[in-house]
Amino acid sequence: MAWFKREGGELDTSGEKKVRTEGLWVKCDQCRQIIWKKDLAENLNVCPKCDRHFRIDARTRLAHLLDDNQYEVEDDNLSSTDPLKFVDLKSYRQRLQQAQGDSGLKDAVINARGKLEGRPVIVSAMEYSFIGGSMGAVVGEAIARAVERATDSQTPLVIVSASGGARMMEGVVSLMQLAKISAALARMHEARVPYVSVLTDPTTGGVTASYAMLGDLNIAEPGALIGFAGPRVIEQTIRQKLPEGFQRSEFLLEHGMLDAVVHRKQLKPYIARALAFMAAA
Amino acid sequence: MKRVAVTTKHGGAGTGTARAREGSDGVFAVSEFLLSMVESLWAASLDGRQDKMESAIKAQHELERIEQQIEQLESLAGDNQAAHRKLQQLHERVNALRLQIYAHLNAWEKTELARHPQRPYLLDYVERIFTDWSELHGDRAFGDDPAIICGMARFHGDEVLVLGHQKARDTKQKVYRNFGMPNPEGYRKALRAMHMAEKFGRPIFTFVDTPGAYPGLGAEERGQAEAIARNLREMARLKVPIVTTITGEGGSGGALAIAVADRVLMMENAIYSVISPEGCASIMWRDAGKKELAAQALRITASDLRELGCVDEIVAEPEGGAHRDHDAAAALLDAALQKNYCPLKKIPAPEIVATRYNKFRQMAQFFHEE
């Protein structure tokens, strides 16, 4: 017979453990360091200990890149018509509404016009949290407009990609966006307007296989997953484990697919340097 | 007819022929019985008493078997006119049922047709539609990819470049062709050939039939994405007419990488999609078995693509599908190619590039503007 008896039977362990940190701390998923959120934000969302680049949303990205966080947003009046009336376990319409509610955006990209170290630029920043940053008719149209606007106004273009690829729920309509944007980039190429493509974690599928790889410079943040096919698909196809670091920025750099891997802190000065090189002599 | 000769050889014995006839009567009865079973099964599925998709697949399978039996019986029947008439009737019933089933094909069944192992592949079309084919190999950088073939050819007398995915039928060849899934060097070879054609003002015919670009380790290392992206950009600015036909599977970026064209045609039973139905099912339903649902939801058939404004014209196929008659399929495709290619010849180069740009720029305007 135990001296101390627990009254009321077993302890209830079903609910979540309530450690009240009020979301003040995050754990780095690479080095497992606990970081104070404010410190992380001040460090541009890069782990102060191991340099792990956390994913950031489109607005934060624009704040990092554009002078004084001052910019004009364009093409924010576009939204999808759900061309296929796609329904899986949930309807696409519902998924869209939820993503719009959560992000306050109409779709997975923000087009902005501002200045980068004093130089006028057009920036398209993708929002990964919006249905995986996937590209349907709206993202396709927004980016095509940004490209055309850059071409017409002879303004350098920076596209920051963060996307799983084409949006399945818009089927072949999404696929056609690859051709549409690439055609617009062909014109921009001929007009000799600078285009810097920034690939961030993750950039895969149809986005990599179109505009993300078509920059005058293709640069990436450290450790970003970049590829055409997803790692799981490749593993299933070749039936072997993939090597460490496969499809990471450094891997692509080594294989000659990127001009540079640039730390987030260096990103803005690097782009400014590139634009100076590309500016009309 | 061959069998007749055999029977006459043994004809003197008499008993042999009689036994053969008895046997064939039995086979005929079995075929007829099977056919009526298939017919009632199909009827039941149309009333919704049976799962339509399942019975369509089963029925097609059975019909093929019955046809084989009919063929055997035909050769056994010799000069027995009554038997021939009965067989003819049976044959007509098979055909009528097959047409009925094809008219009710859904997206998944079309996917299976698009992947049918007897479906004509590019080389089958090349030998029937083009003349003076000489193949071009290699991307001048890494290697030659047999999953994409390119060649100089003549189309009704005109010098043209022909290129596209090539699949194969036997295992060894399938491996050689990598099941029609190109590596980056395949796309780079295609682009090199297209630039060469542009340089000499030759129009380009491309043919798409691929499950997709190959998702392999080496493909990633050598820049699969970059190869596709570059093709998309460069094809948009080629100053010669381009006609693309989706002949079988149009598998996502791997298909589009050779399909940025002035005219995009699609065979009646071909599919064109951003992801395979199986892939979509395993992501969205978390169950690859839901491929029929996914195929339907993705809208990948020729009529869907036409409706969505992503292809210009649907090319008819022979009754029951291109795999049933390669010559007829090639003849229909030839006519469609001529019809679409001839008007392009008259358009001057700058205009053709501008028109192609607008075609893709306008493509799939599925968004609201407020």
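All figures in this text were calculated on a predicted structure; none of them were measured in a lab. (Residues numbered from 1 in each chain as written. Chains lettered and ligands numbered in written order. Predicted model: local features only at pLDDT ≥ 70, side-chain atom pairs only at ≥ 80, totals over all residues. Heavy atoms only, no water.)

A. Representation of the overall build of chain A in the model. A tally of helices and strands in chain A yields nine helices and ten strands. In terms of overall dimensions, chain A has a C-alpha envelope of 90 × 45 × 45 Å along the principal axes. Burial analysis of chain A (281 residues in total) assigns 53% to the buried set. Partitioning the intrachain contacts of chain A with sequence separation of at least 6 by distance along the chain shows that 67% fall at a separation of at least 24. If you sum the accessible surface of chain A, you get close to 13700 Å²; carbon and sulfur atoms cover 48% of it. On chain A, the mean spot of the 36 positive side-chain charges and the mean spot of the 35 negative ones are 3 Å from each other. (Helix = DSSP H or I, 4+ residues; strand = E, 2+ residues; numbered from the N terminus. Buried < 20%, exposed > 50% of the residue type's maximum accessible area, 1.4 Å probe, protein only. Contact = heavy atoms within 4.5 Å. Areas by Shrake-Rupley, 256 points an atom, 1.4 Å probe, with all protein chains shown as cover. Lys, Arg positive; Asp, Glu negative; His and termini not counted. Charge placed at Lys NZ, Arg CZ, Asp CG, Glu CD.)

B. The overall build of chain B, seen in detail. Secondary structure assignment for chain B yields 16 helices and nine strands. When the 370 residues of chain B are sorted by exposure, 53% land in the buried category. In chain B, of all internal contacts separated by at least 6 residues, the share reaching a separation of at least 24 is 72%. Carbon and sulfur atoms form 52% of the exposed surface of chain B, whose accessible area is close to 16500 Å². Of the side chains in chain B, 47 bear a positive and 51 a negative charge, and the two mean positions are spaced by 3 Å.

C. Seen up close, the domain arrangement of chain A. Residues and elements named next belong to chain A. Segmenting chain A into domains produces domain 1 (1-54) and domain 2 (55-278). A straight line from the C-alpha centre of domain 1 to that of domain 2 covers 32 Å. Listed per partner, the contact involves seven residues of domain 1 and nine residues of domain 2. Buried surface at the junction of domain 1 and domain 2, summed over both partners, amounts to about 790 Å²; 53% is from carbon and sulfur atoms. Taken as a group, L44, H53 and F54 account for 68% of the area that domain 1 buries against domain 2, more than any other trio of residues on that side. (Domains from an automatic or database assignment. Buried area = accessible area lost by both parts, 1.4 Å probe.)

D. Region of the structure containing the interface of chain B and chain A. Between chain B and chain A, the residue contacts involve 50 residues of the former and 58 residues of the latter. Summed over both partners, the interface of chain B with chain A buries about 4900 Å², with 69% contributed by carbon and sulfur atoms. The partner of R361 of chain B in a salt bridge is E148 of chain A, and the shortest N-O contact between them spans 2.8 Å. Our count for the contact surface shared by chain B and chain A stands at ten residue pairs in polar contact (both at pLDDT 80 or more). When contributions to the side of chain B that touches chain A are tallied by element, the ones reaching two or more residues are α9 (217-221), α10 (224-235), α11 (252-256), β7 (271-273), α12 (277-285), α13 (291-298), α16 (349-361) and β9 (367-369) of chain B. (Salt bridge = Lys/Arg side-chain N within 4 Å of Asp/Glu carboxyl O. Polar contact = N/O pair within 3.5 Å; in protein donor to acceptor, adjacent residues only side chain to side chain.)

E. Main features of the packing of helix α2 (residues 58-65) of chain A against helix α9 (residues 264-278) of chain A. Residues and elements named next belong to chain A. Interaxial distance between α2 and α9 falls to 9 Å at its minimum, and their mutual angle equals 55 degrees. Overall, the two elements α2 and α9 adopt an arrangement that is oblique. For the pair formed by α2 and α9, the contact residues are R61, H64 and L65 on the first element and R264, L267, K268 and I271 on the second. Taken together, the residues of the contact of α2 with α9 break down into three nonpolar, one polar and three charged. (Axes fitted to C-alpha atoms, helices over the stretch in contact; angles between N-to-C directions. Parallel < 35°, antiparallel > 145°, perpendicular 65-115°, else oblique. Nonpolar A, V, L, I, M, F, W, Y, C, P; charged D, E, K, R; others polar.)

F. Representation of empty space enclosed by the protein within the structure. Counted under the stated rule, the structure contains one cavity of 30 Å³ or more. The calculated volume of the largest cavity comes to roughly 90 Å³. Taken together, 14 residues line the largest cavity, and the ones lying closest to its centre are G227 and L252 of chain A together with E220, G223 and A225 of chain B. When residues of the lining of the largest cavity are traced back to their parent elements, those giving at least two are α8 (249-254) of chain A together with α10 of chain B. With three residues, the top contributor of residues to the lining of the largest cavity is α10 of chain B. Taken together, the residues of the lining of the largest cavity sort by class into seven nonpolar, five polar and two charged. (1 Å grid on protein atoms, 1.4 Å probe; cavity = no way out; pocket = protein on both sides within 12 Å on 5 of 7 lines; lining within 4 Å. Points joined across faces, edges and corners; volume = space filled by probe spheres on them.)

G. Structural view of the side chain of T204 of chain A. All names here are of chain A. Its location among the elements puts T204 in the loop between β8 (195-203) and α6 (205-208). On the basis of relative accessible area, T204 is assigned to the buried category, the value being 12%. Beyond its immediate chain neighbours, meaning those up to four positions away, T204 contacts S163, G164, G165, L225, G227 and F228.

H. Representation of the pattern of salt bridges in the model. On inspection of all chains with the given rule, the structure shows 44 salt bridges over all chains. The partner of E235 of chain A in a salt bridge is K241 of chain A, and the shortest N-O contact between them spans 3.7 Å. Given the relative accessible area of 26%, E235 of chain A is considered partly exposed. The shortest N-O distance in the salt bridge between R237 of chain B and E234 of chain B comes to 3.0 Å.

I. Representation of the nonpolar core in the model. Of all hydrophobic cores here, the largest spans 146 residues; its most connected members are Y211 of chain A together with F130, Y272 and L337 of chain B. Element by element, the count of residues in this core is highest for helix α5 (residues 171-190) of chain A, at twelve residues. Beyond its immediate stretch of four places on either side in the chain, L337 of chain B contacts I129, F130, F155, F205, F207, V243, T245 and L265 of chain B. (Core = buried A, V, L, I, M, F, W, Y, C linked by side-chain atoms within 4.5 Å.)

J. Structural context of the domain arrangement of chain B. Residue and element names in this part refer to chain B. You can read the domains of chain B as domain 1 (2-104) and domain 2 (114-361). With five residues of domain 1 at the contact, the number on the domain 2 side is five residues. Summed over the shared surface of domain 1 and domain 2, the result is one salt bridge. Where the side of domain 1 that touches domain 2 is concerned, the elements lending two or more residues are α3 (52-77) and α4 (81-103). Of the residues forming the side of domain 1 that touches domain 2, the biggest block, three residues, is contributed by α4. Considering only residue class, the side of domain 1 that touches domain 2 consists of three nonpolar, no polar and two charged.

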